[in-house]
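Listed below are the residues making up each chain.
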Amino acid sequence: MLKQNLDKVFSEIQAGNNLGESVYLVGATKMVDVDVINKAIEYGLKMVGENKVQEFRDKHLSIVGAEQHFIGHLQTNKVKYLVGAVSLIHSVDSVKLGAEIDKVAKKKNVIQDVLIEVNIGGELSKSGFSLGDAYSNVLNIAKEFSSVRVVGLMAMLPPSDDKEYLAGLCKKMRDLFDELKKAGLPFKYLSMGMSNDYLIAIKNGSNMIRLGRTIFGQRIKEDKKEN
């Protein structure tokens, strides 16, 4: 089933998003065994992302042939385990976290690529900058922290059956992405879309999706809020 699942997604994203951009697929590997992850990489998966720092540390050295990302909520005291070890941190949700990543990156003499998280649905249960505050904060993080390279934005869409509502949120995220790119930031990724809503996301400007269940199947004790 793994190969069939991947082939289906590859087929769905082959044409790119609605703007003709390539769509990057990140396999969300929470609670997925390393052997299964490496098999998915053999089948063509080029990027994988963990939600938990400890799980990343446990698997990191055993995963071969794919970019490794961190896609979960990140606490400042765990930044040291990720900087320089992951290609991309998706979930920078505060200036404080940006500052800590910058501090650790300077110590390690690396430049860490990050995405800034925007709470596009205004949900109390989710972290990230509000849509109204995001523009100035993204520019501030990009300007102030020389060892952090802001290469795009990340968002989690709220649970909803209203496709028009979700499409509208995606378009707002894309507008913000384009505005910041015009401001001179080296933007590449708009990471938006998970198993329940990725088709809506790529039809409305997303160029990176994070899929767990769609690729790997239902995970044991899976948190419904996860990928």
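Since we're looking at a predicted model, the values are computed, not measured.

Reading the values: the criteria
- Residue positions are given per chain, counted from 1 along the sequence in the order it is written.
- Totals for whole chains, interfaces and linings use every residue, but because this is a predicted model, local features are given only for residues with pLDDT of at least 70 and side-chain atom pairs only at 80 or more, for both listing and counting.
- To obtain the side-chain values, all non-hydrogen atoms of the structure were included, while hydrogens and water were left out.
- Where helices and strands are cited, they refer to DSSP runs of H or I of at least four residues and of E of at least two residues respectively, numbered from the N terminus.
- Each helix should span, by expectation, one fewer than its residue count multiplied by 1.5 Å.
- Only protein chains enter the accessibility calculation, which uses a 1.4 Å probe. A residue is then buried if its area is under 20% of the maximum for its type, exposed if over 50%, and partly exposed in between.
- Should any heavy atoms of two residues lie within 4.5 Å, those residues are counted as being in contact.
- Pairing of N or O atoms within 3.5 Å defines a polar contact, subject to two protein rules: one partner must be a possible hydrogen donor and the other a possible acceptor, and residues neighboring in sequence count only if both atoms are side-chain atoms.
- A residue counts as positive if it is Lys or Arg and as negative if it is Asp or Glu; His and the chain ends are not included.
- The salt bridge definition used is simple: a Lys or Arg side-chain nitrogen within 4 Å of an Asp or Glu carboxyl oxygen.
- Relevant arc is that of directions from the helix axis to the C-beta atoms, nothing else.
- In this scheme Phe, Tyr and Trp rings, the latter by its six-membered ring, pair at centre separations within 6.5 Å, and the angle between planes marks the pair as stacked below 30 degrees, edge-to-face above 60, and tilted otherwise.
- Consider the ring centre and the ring normal. A charge sits over the ring if Lys NZ or Arg CZ is within 6 Å of that centre and within 35 degrees of that normal.
- In this description, a line fitted to the C-alpha atoms serves as the axis of each element, helices being fitted only across the stretch in contact, and the angle between N-to-C directions of two axes falls anywhere from 0 to 180 degrees.
- Oblique is the label for any angle not covered by the other classes, which are roughly parallel (under 35 degrees), roughly antiparallel (over 145) and roughly perpendicular (65 to 115).
- Handedness of a helix crossing follows the sense of rotation of the near helix relative to the far helix, less than a right angle counterclockwise being left-handed and clockwise being right-handed.
- Three residue categories are used. Nonpolar comprises Ala, Val, Leu, Ile, Met, Phe, Trp, Tyr, Cys and Pro, charged comprises Asp, Glu, Lys and Arg, and polar comprises the others, including Gly.

(A) Layout of helix H6 (residues 163-182). End to end, H6 covers 28 Å across 20 residues, agreeing with the expected 28 Å (1.5 Å per residue, within 8%). Along H6, the positions that sit buried rather than exposed are Leu166, Ala167, Leu169, Cys170, Met173, Arg174, Leu176, Phe177 and Leu180. Looking at the buried positions of H6, the neighbouring elements they touch are helix H5 (131-144), strand S6 (148-155), strand S7 (189-192) and helix H7 (198-202). The distance from a side-chain oxygen at the start of H6 to the backbone nitrogen of glutamate 164 is 3.2 Å, and the residue carrying that oxygen is aspartate 162. Looking one or two residues beyond H6, the residue adopting positive phi is glycine 184, at roughly 105 degrees.

(B) Up close: the side chain of arginine 210. For arginine 210, the location among the structural elements is in strand S8 (residues 208-211). Lacking a salt bridge, the buried arginine 210 has aspartate 197 as its closest oppositely charged neighbour, with an N-O distance of 7.1 Å. Among the polar contacts listed, one links the side chain of arginine 210 to the side chain of serine 191, at a separation of 2.8 Å.

(C) Local environment of helix H2 (residues 34-42). Turning to H2, its buried residues number three or more, namely Ile37, Asn38, Ala40 and Ile41. Along the axis of H2, the buried residues cluster in a sector spanning 155 degrees; they form a single face. In H2, the exposed positions angled more than 90 degrees off the buried face are occupied by Asp35 and Glu42. Tucked into the core, H2 has its buried residues touching helix H1 (2-13), strand S2 (47-50), helix H3 (53-59) and helix H8 (213-216). Backbone geometry just after H2 places glycine 44 at a positive phi near 120 degrees.

(D) The packing of aromatic side chains, seen in detail. On inspection of all chains with the given rule, the structure shows two aromatic pairs. For the pair tyrosine 24 and tyrosine 189, a centre-to-centre distance of 5.1 Å together with 90 degrees between the ring planes defines the contact as edge-to-face. Residue tyrosine 24 is found in strand S1 (residues 24-28), and its partner tyrosine 189 is found in strand S7; the two are separated by 165 residues along the sequence. Between the NZ or CZ atom of arginine 57 and the centre of the ring of tyrosine 81, over which it lies, the distance is 3.8 Å.

(E) A look at the packing of H5 against H6. Contact pair H5 / H6: the axes reach a minimum separation of 11 Å and the direction vectors enclose 25 degrees. For the element pair H5 / H6, the angle class is roughly parallel. Remark: the crossing between H5 and H6 carries right-handed chirality. Note on element contacts: H6 touches H5 through Lys172, Leu176, Glu179 and Leu180, opposite Leu131, Ala134, Tyr135, Val138 and Leu139. Here the residues of the contact of H5 with H6 sort into seven nonpolar, no polar and two charged.

Bear in mind that shape data such as this cannot, by itself, settle questions of function.
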